[in-house]
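Survey of secondary and tertiary structure
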Amino acid sequence: MSRILIVGAGFSGAVVARELAEAGFSVDVIDKRDHIGGNAFDFENEHGIRIHKYGPHLFHTSNEKVFRFLSRFTEWIPYRHRVKAMLSDGRLVTLPVNRITKEIVGAENVVDTFIRPYSEKMWALPLEKISPDIINRVPVRDDENEDYFPDDIYQCMPKDGYTAMFERILSHPKIHVQLNTVFERSREQEYYHVFNSMPIDEYYDFQFGPLPYRSLKFHHVNIPAPKIFPVSQVNFTHNGPHTRVVEWKNIPGHGDKDIITSLTYEEPCDYKENNNERYYPVKDNDGINRAVYNQYRVIDNPKVTFIGRLGQYVYLDMHQCVNAALVVAEQFKQKQNK
Ligand SMILES: Cc1cc2nc3c(=O)[nH]c(=O)nc-3n(C[C@H](O)[C@H](O)[C@H](O)COP(=O)(O)OP(=O)(O)OC[C@H]3O[C@@H](n4cnc5c(N)ncnc54)[C@H](O)[C@@H]3O)c2cc1C
């Protein structure tokens, strides 16, 4: 009666697991990967530099409840993310576009310099076909503010990294984690309820068709120099296949040796060209993909709650995942008490 299965050891699964374990449920967490943390997983490379395996994860939120929950499992290092874009002559200008960037490139060139090339290679769609929600996530400012997330109250990195934070979230006598374990439908009968953060279309054997995702190939390089860039992220404005480069040492707590620096540059692609690694649900302007997702969503399946960005086919930041997971766990607990 009290056994719960959680598919996926990322933010969504780990937070639900912790909440239900503390409420007395026995929780089994499985993940097909060989590590916990989902896409927020990080590790130290051979040079003692911390790398986020699935791209840079910057924590930012104004949600007090989320911050308080995670602070039980980590100390924090303050960090306000700053991003530059590299122009064709190599000059670096601030992103999101602020007053100074606008003066340098000209207000009339902002879309064609920063938004069109980046977005078109990111989504493999002409700008006009991409949902305005995505384009509007990168605002244009009239002041000189250089922060990438100007408004969020809490902006910081977990002091010992994300993986260490996940180890603590999942460290509870009522949580049992099994890695390298792919979900099988037959397991459901052993459990009272299943919280599933796997792709919902895959769970239902793609009966309404596959949901498209974009993915990223990560290319890592080490350079024998103390530091290359003034900020941790530099976006490209060219039409080549790569979108941005991350210099890990520029994030505090990510390494301090002065003889080498590690960089990762990113190349967007379809998820099928990258081992089925699904990162970004494709938000098309016509809403066709959302309509397909809705066909899966309404299937009657009372034993399973789909959670997270793959279960709900939506891009969620980490703080949004944590918040949603806290809400789902709370609702589940309340239902049991009725
Ligand atoms: C490149 C990139 C950069 C990002 N940067 C930021 C950022 O700066 N700030 C921010 O707030 N958010 C960022 N995010 C978003 C962040 O990654 C997500 O909010 C969060 O990781 C989603 O957690 P999740 O648990 O929903 O999904 P995931 O982390 O994807 O976890 C799902 C887990 O389920 C497992 N799984 C899937 N299928 C199966 C199966 N069949 N059987 C068993 N296990 C399975 C997967 O292996 C995975 O570990 C970024 C995302 C990407 C892709």
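Up top is the structure.
Residues numbered from 1 in each chain as written. Predicted model: local features only at pLDDT ≥ 70, side-chain atom pairs only at ≥ 80, totals over all residues. Heavy atoms only, no water.

1. Things to note about the overall build of the chain
Each helix and strand counted, the chain has ten helices and 17 strands in total. For 338 residues, the compact-globule estimate of 2.2 N^0.38 gives 20 Å, and the C-alpha radius of gyration of the chain, at 21 Å, lies within 12% of that figure. For the C-alpha atoms alone, the extent of the chain along its principal axes is close to 65 × 45 × 35 Å. Across the 338 residues that make up the chain, the buried fraction comes to 55%. If you take every contact in the chain between residues at least 6 apart in sequence, the share linking residues at least 24 apart comes to 74%. Accessible surface computed for the chain: about 15800 Å², of which carbon and sulfur atoms make up 50%. (Helix = DSSP H or I, 4+ residues; strand = E, 2+ residues; numbered from the N terminus. Rg over C-alpha atoms; globule rule 2.2 N^0.38 Å. Buried < 20%, exposed > 50% of the residue type's maximum accessible area, 1.4 Å probe, protein only. Contact = heavy atoms within 4.5 Å. Areas by Shrake-Rupley, 256 points an atom, 1.4 Å probe, with all protein chains shown as cover.)

2. Observations regarding helix 6 (residues 162–170)
Two residues of an α-helix separated by three or four positions point the same way, owing to the 3.6 residues in each turn. Here helix 6 lies mainly inside the structure; seven of its nine residues are buried. Buried within helix 6 we find Tyr162, Thr163, Ala164, Met165, Phe166, Ile169 and Leu170.

3. So, the pattern of salt bridges
Evaluated as defined, the whole model comprises 22 salt bridges. A salt bridge links Glu64 to Arg68; the nearest nitrogen and oxygen atoms lie 3.7 Å apart. Separated by four residues within a single helix, Glu64 and Arg68 lie in helix 2 (residues 64–71), roughly one turn from each other. Since its relative accessible area comes to 37%, Glu64 is described here as partly exposed. Its relative accessible area of 53% is what places Arg68 among the exposed residues. The partner of Asp143 in a salt bridge is Arg141, and the shortest N-O contact between them spans 2.7 Å. Within the structure, one salt-bridge network assembled from shared partners comprises Arg80, Arg82, Lys84, Glu146 and Asp147. (Salt bridge = Lys/Arg side-chain N within 4 Å of Asp/Glu carboxyl O.)

4. Here we look at the site of the ligand
Near the ligand you find 31 residues, and of these Asp31, His57, Arg309, Leu316 and Met318 are the closest. One of the backbone nitrogen or oxygen atoms of Asn39 is found 2.9 Å away from an oxygen atom of the ligand. In the model, an oxygen atom of the ligand is placed 2.7 Å from a nitrogen or oxygen of the Met318 main chain. Relative to its unbound accessible area of 1000 Å², the ligand is 97% covered by the protein chains. Contributions of two or more residues to the shell around the ligand are made by helix 1 (11–22), helix 9 (308–311) and helix 10 (318–337). Of the residues assigned to the shell around the ligand, the class counts are 16 nonpolar, nine polar and six charged. (Near = heavy atom within 4 Å. Polar contact = N/O pair within 3.5 Å; in protein donor to acceptor, adjacent residues only side chain to side chain. Nonpolar A, V, L, I, M, F, W, Y, C, P; charged D, E, K, R; others polar.)

5. Notes on unusual backbone geometry
Of note, the bond from Leu95 into Pro96 is cis; its omega dihedral lies within 30 degrees of zero at -10°. If you trace the backbone, Pro96 turns up in the loop between strand 8 (92–95) and helix 3 (99–105). Positioned with a positive phi, Phe206 is a non-glycine residue whose angle comes to about 55°. Checked against the element boundaries, Phe206 lands in the loop between helix 7 (200–203) and strand 12 (213–223).

6. Points about the packing of aromatic side chains
Applying the stated rule across the entire model yields 24 aromatic pairs. Judged by centre distance (4.0 Å) and plane angle (5°), the ring pair of Phe67 and Tyr154 falls under stacked. In this pair, Phe67 sits in helix 2 while Tyr154 sits in strand 9 (residues 154–158), placing the two residues 87 residues apart along the sequence. By relative accessible area, Tyr154 is classed as buried at 17%. Note on Phe218 and Tyr279: the rings are 6.0 Å apart at their centroids and 45° apart in plane angle, and the pair reads as tilted. Note that Phe218 is positioned in strand 12 and Tyr279 in the loop between strand 15 (261–270) and strand 16 (280–281), a separation of 61 residues in sequence. Residue Tyr279 is classed as buried on the basis of its relative accessible area of 7%. One aromatic cluster is present, formed by Phe183, Tyr203, Tyr204, Phe208, Tyr296 and Phe306 through successive ring pairs. Sitting above the plane of the Tyr54 ring, Arg33 keeps its charged end 4.1 Å from the centroid. (Phe/Tyr/Trp six-rings, centres within 6.5 Å; stacked < 30°, edge-to-face > 60°. Lys NZ or Arg CZ within 6 Å of the ring centre and 35° of its normal.)

7. Concerning the side chain of Asp28
Looking at where Asp28 falls in the secondary structure, it is placed in strand 2 (residues 26–30). Relative accessible area serves as the criterion here: at 13%, Asp28 is assigned to the buried category. Residue contacts for Asp28: discarding those within four places in its chain leaves Arg3, Ile4, Leu5, Ile6, His176 and Tyr191.

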